[in-house]
Amino acid sequence: MSRMRCAIVGSGNIGTDLLYKLQRSDALEAAAMVGIDPDSEGLARAAAEGVEATSEGPGWLLGHANRFDLVFEATSAWVHRANAPRYREAGLTAIDLTPAKLGPLVVPPVNLDAHLDAPNLNLITCGGQATVPIVAAVAAVVPVPYAEIVSTVSSVSAGPGTRQNIDEFTKTTSASLVEVGGADHGKAIMILNPAEPPILMRNTVFCALGDGYDRDEVADSITEMVRIVASYVPGYRLKAEPVFDEDLFRTPGGDVKARVVVLLEVEGAADYLPPYAGNLDIMTASAVRVAEAVAAAR
Amino acid sequence: MTAAFRLTDSTLRDGSHAVAHQLTEDQVRRVVAGLDAAGVPVIEVTHGDGLGGSSFNYGFSHTNEMNLIRTAVEAAVDSKIAVLMLPGIGVKDDLRRVAGMGVRVARVATHCTEADISEQHIALAKELGMEAVGFLMMSHMIEPEALLHQARLMESYGADVVYTVDSAGAMTIDDARRRVAALKDGLSCQVGIHAHNNLSLAVANSLAALEEGVDQIDGCMTGLGAGAGNCPTEILVAACEKTGWETGIDPISLIEVADRAVRPIRPEQGVIDGDGLLLGYAGVYGSFLLHAKRAAERYGVPTRDILLELGERRVVGGQEDMIIDVAMELQRRAAAVQPAVA
């Protein structure tokens, strides 16, 4: 089987990390990196890897569309909104790593197979990829009237695209807790922490629990899900056993008598930025997983 | 007479922390009416963690903040109503909504090193015709020059004023003075200070800021606010008058409002207990206090140890989830050293 020819649009943190992950894939070929800044480090690294690197932007890609099958968008939400219709016209499948939310939201262990024919698949956000699986694991065994996540990343790992998309991050991640995670209501919070040395990516998931839940069943479902995510993001792990708190919680999904709190840590594979930047890894590893599934389905 | 500075009262926003976000419409109506009649120009009303703050992480609001804000706008005759918003917690739609409700001032807060996440929100506030305030939290953590660099970003996005915010109540008088002086020196827009009282210096820091030319000051009636509480508005006004700074507000009527409308909300406000002091001493975000006390109870570990460990880890505002993390870890450590004797 010939490998799927992929272009990475965006030469920032995410695009560069993705470049290294694609180099290891048997099903995908990093055929080009497309940026807009000729001095960007990402483009220099792509060239050093023998990957075609251009600073001529998406226009270049569309001019050479017949040389590619698939495009990874690693820019920002509004750039993707402008690019997406042009990719589609050119017959390029788009895997969107911005929170633009144009195509269906995909989280590999939850709904990977559901949207393999879609022309545009959205990877939500790093926080979404880290937390939606946990919400889905809880929702699989008990109703979740409300789910909330707090995603904290080191300041140095959040590039300008991430910073300018903080609203889109919050909204798209909130939506994914409901649309993919299966909660009735969702809320996402994003925090940047400037501590030195940089902190590992941290995620906290709060799920309101409907009546009649079984602690062991919920905890087992979470543990199993962590194992599955860790199979493609090796640094993904529980920071502590799930914590069950019984109290009256007046959530937007109604009053509940219990919640489970799941503390997660994501250590990166250090393909591009050092291991603290687990937020890059979980995004790019998920994108590779989705693209490989698309390739296999062709 | 013109006032020497513009006063913003945050009893109904920062004070929300002190009552675990249980403020009611009735309380809002009475406090706003009192402050408005006393001549306080700006009154902030929001969940303690800003628009959208109602959550597991920060505590659910007793009353939807939109109802509280609407009540405040209706109760105010001359005072402008302000809101706080933290990018990452609240979203631009929240700002659009409150602008439509008659809110005139949007205060956009970020950690002191992360000003660039406020660009869209400050720009939107201006577009909506609101005053835009840049609010640099935990300002004690960086040097004045670095703070100025971040403040300049907010100014470049359109902020009408940039505040140095002592969220941990950790600043000494000299710390406050140097930060205000650096901002006054390097910015063309106005400069504000928001002080907390963990070291019992909130009023003193605000007065020192006035000597450095600060344009805007925050207070909370009776000090009602996160951690050990804020700069008490009525004390600030009284102290200003005695020092010779014109406020445009009658201290006697403000003292009456404090006693009648605010003191009953939390009679014990004003006591700086050991934990409150420790926040300022260790430089820990003030809003963590009640969450840490609750976690201490829930997981059976001392509040003091939780606060010190949070300081050690240099957690920033908004990371309330780390309190659970720290409490669990202390619980594990304690279990590990427990002697196995009956």
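Residues numbered from 1 in each chain as written. Chains lettered and ligands numbered in written order. Predicted model: local features only at pLDDT ≥ 70, side-chain atom pairs only at ≥ 80, totals over all residues. Heavy atoms only, no water.

Caption draft 1: How the structure looks around the overall build of chain A. Along chain A, the regular secondary structure elements total 10 helices and 12 strands. On C-alpha atoms alone, chain A measures out to a radius of gyration of 19 Å, which is about the 19 Å that the 2.2 N^0.38 rule sets for 298 residues. Overall size of chain A, expressed as C-alpha extent along the three principal axes, is 60 × 45 × 30 Å. Of all 298 residues assigned to chain A, the portion counted as buried reaches 63%. Taking the contacts inside chain A whose residues are at least 6 apart along the sequence as the reference set, 71% of them involve residues at least 24 apart. (Helix = DSSP H or I, 4+ residues; strand = E, 2+ residues; numbered from the N terminus. Rg over C-alpha atoms; globule rule 2.2 N^0.38 Å. Buried < 20%, exposed > 50% of the residue type's maximum accessible area, 1.4 Å probe, protein only. Contact = heavy atoms within 4.5 Å.)

Caption draft 2: Layout of the pairing of strand 11 (residues 243-251) of chain A. All names here are of chain A. Examined bridge by bridge, strand 11 and strand 12 (residues 254-266) share 7 bridges and lie antiparallel to one another. When the sheet's bridge partners are listed, Arg-250 is paired in strand 12 with Asp-255. In textbook terms, the turn of a hairpin is the stretch between consecutive antiparallel strands, and for strand 11 and strand 12 this stretch comprises 2 residues. (Pairing = 2+ DSSP bridges.)

Caption draft 3: Region of interest: the sheet that holds strand 3 (residues 80-85) of chain B. Residue and element names in this part refer to chain B. Ordered by their spatial adjacency, 8 strands build a closed barrel running 1-2-3-4-5-6-7-8, and the pairing between neighbours is parallel. Strand-to-strand, the axes of this sheet are offset by a mean angle of 25°, without reference to chain direction. Across 4 bridges, strand 3 lies against strand 4 (residues 105-111) in parallel orientation. Looking at the pairing, Ala-82 lines up with Val-105 of strand 4. Against the sheet, helix 5 (residues 119-127) touches strand 3, strand 4 and strand 5 (131-137), its axis set at about 155° to strand 5. (Axes fitted to C-alpha atoms, helices over the stretch in contact; angles between N-to-C directions.)

Caption draft 4: Main features of the packing of helix 13 (residues 303-312) of chain B against helix 14 (residues 321-337) of chain B. All names here are of chain B. With their axes 10 Å apart at the nearest point, helix 13 and helix 14 run at an angle of 115° to one another. In the crossing of helix 13 with helix 14, the sense of the turn from one axis to the other is right-handed. For the pair helix 13 and helix 14, contact is made by Asp-305, Ile-306, Glu-309 and Leu-310 and by Met-322, Ile-323, Val-326, Ala-327, Leu-330 and Arg-333, respectively. Partitioning the contact of helix 13 with helix 14 into residue classes produces 7 nonpolar, no polar and 3 charged. (Left-handed = near helix turned anticlockwise from the far one by under 90°. Nonpolar A, V, L, I, M, F, W, Y, C, P; charged D, E, K, R; others polar.)

Caption draft 5: Region of interest: the sheet that holds strand 4 (residues 70-73) of chain A. Residues and elements named next belong to chain A. Judged by pairing direction, the sheet is parallel, and its 6 strands sit side by side in the order 3-2-1-4-5-6 without closing on themselves. Pairing within the sheet leaves two strands with one partner each, and these edge strands are strand 3 (52-54) and strand 6 (120-122). Shown here is a sheet whose adjacent strand axes are inclined to one another by a mean of 25°, direction ignored. Across 4 bridges, the pairing between strand 1 (residues 4-9) and strand 4 is parallel. Within the sheet, the bridge partner assigned to Ala-7 lies in strand 4 and is Val-71. Here helix 4 (residues 77-89) sits on the sheet in contact with strand 1, strand 4, strand 5 (93-96) and strand 6, set at roughly 175° to strand 4.

Caption draft 6: Focus on the pairing of strand 3 of chain B. Residues and elements named next belong to chain B. Most of strand 3 is tucked away: 5 of the 6 residues are buried. Here 3 bridges tie strand 2 (residues 42-45) to strand 3, and the two strands are oriented parallel to one another. When the sheet's bridge partners are listed, Val-42 is paired in strand 3 with Lys-80. With helix 3 (residues 65-75) bridging strand 2 and the parallel strand 3, this β-α-β connection has right-handed handedness. On the question of chirality, the crossover connecting strand 3 to the parallel strand 4 by way of helix 4 (residues 92-100) is right-handed. (Right-handed = clockwise from strand over helix to strand, strands pointing away.)

Caption draft 7: Highlighting the interface of chain A and chain B. Taken together, the contact between chain A and chain B spans 41 residues of the former and 38 residues of the latter. In total, about 3100 Å² of surface goes out of reach between chain A and chain B, with carbon and sulfur atoms giving 55% of it. For the pair chain A and chain B, the interface holds 8 salt bridges. The shortest N-O distance in the salt bridge between A:Asp245 and B:Arg298 comes to 3.9 Å. Inspection of the region where chain A meets chain B yields 17 residue pairs in polar contact (both at pLDDT 80 or more). Listed by contribution, the elements that provide at least two residues to the side of chain A that touches chain B are strand 7 (147-154), helix 7 (160-164), helix 8 (166-179), strand 8 (186-193), strand 9 (201-209), strand 11 and strand 12 of chain A. For the side of chain A that touches chain B, the leading source of residues is strand 8 of chain A, giving 7 residues. Of the residues belonging to the side of chain A that touches chain B, the class tally is 20 nonpolar, 8 polar and 13 charged. (Buried area = accessible area lost by both parts, 1.4 Å probe. Salt bridge = Lys/Arg side-chain N within 4 Å of Asp/Glu carboxyl O. Polar contact = N/O pair within 3.5 Å; in protein donor to acceptor, adjacent residues only side chain to side chain.)

Caption draft 8: Fine view of the packing of aromatic side chains. Under the counting rule described, the total for this entry stands at 9 aromatic pairs over all chains. With a centroid separation of 5.4 Å and 20° between ring planes, the pair formed by A:Phe206 and B:Phe56 is classed as stacked. With one member in each of two chains, A:Phe206 in strand 9 and B:Phe56 in the loop between strand 2 and helix 3 form a pair that bridges those chains. For the residue pair A:Phe206 and B:Phe56, the accessibility class agrees, reading buried in each case. (Phe/Tyr/Trp six-rings, centres within 6.5 Å; stacked < 30°, edge-to-face > 60°.)

Caption draft 9: Local environment of helix 9 (residues 215-232) of chain A. All names here are of chain A. With 18 residues, helix 9 extends 27 Å between its outermost C-alpha atoms, agreeing within 8% with the 26 Å of an ideal straight helix rising 1.5 Å per residue. Listed as buried for helix 9 are Val-218, Ala-219, Ser-221, Ile-222, Met-225, Val-226, Val-229 and Tyr-232. Projected down its long axis, helix 9 carries its buried residues within an arc of 160°, all on one side. More than 90 degrees from the buried face of helix 9, the exposed residues found are Asp-216, Asp-220, Arg-227 and Ser-231. Looking at the buried side of helix 9, the elements it contacts are helix 5 (108-111), helix 6 (126-139), strand 10 (236-238), strand 11, strand 12 and helix 10 (278-297). Residue Asp-214 occupies the N-cap position of helix 9, its side-chain oxygen lying 3.0 Å from the main-chain nitrogen of Asp-216. (Expected span 1.5 Å × (residues − 1). Arc of directions from axis to C-beta.)

Caption draft 10: View of the pattern of salt bridges. What the rule picks out here adds up to 47 salt bridges over all chains. The partner of A:Asp17 in a salt bridge is A:Lys21, with the nearest N and O atoms 2.8 Å apart. One end of the pair, A:Asp17, and the other, A:Lys21, are both in helix 1 (residues 13-23), 4 residues apart, so they sit about a helical turn from each other. One network of salt bridges, with partners in common, ties together A:Arg202, A:Lys239, B:Glu309, B:Arg313, B:Asp325, B:Glu329 and B:Arg333.

Caption draft 11: Just the side chain of B:Glu309, in detail. With respect to the helices and strands, the residue B:Glu309 is situated in helix 13. Residue B:Glu309 is classed as buried on the basis of its relative accessible area, which comes to 16%.

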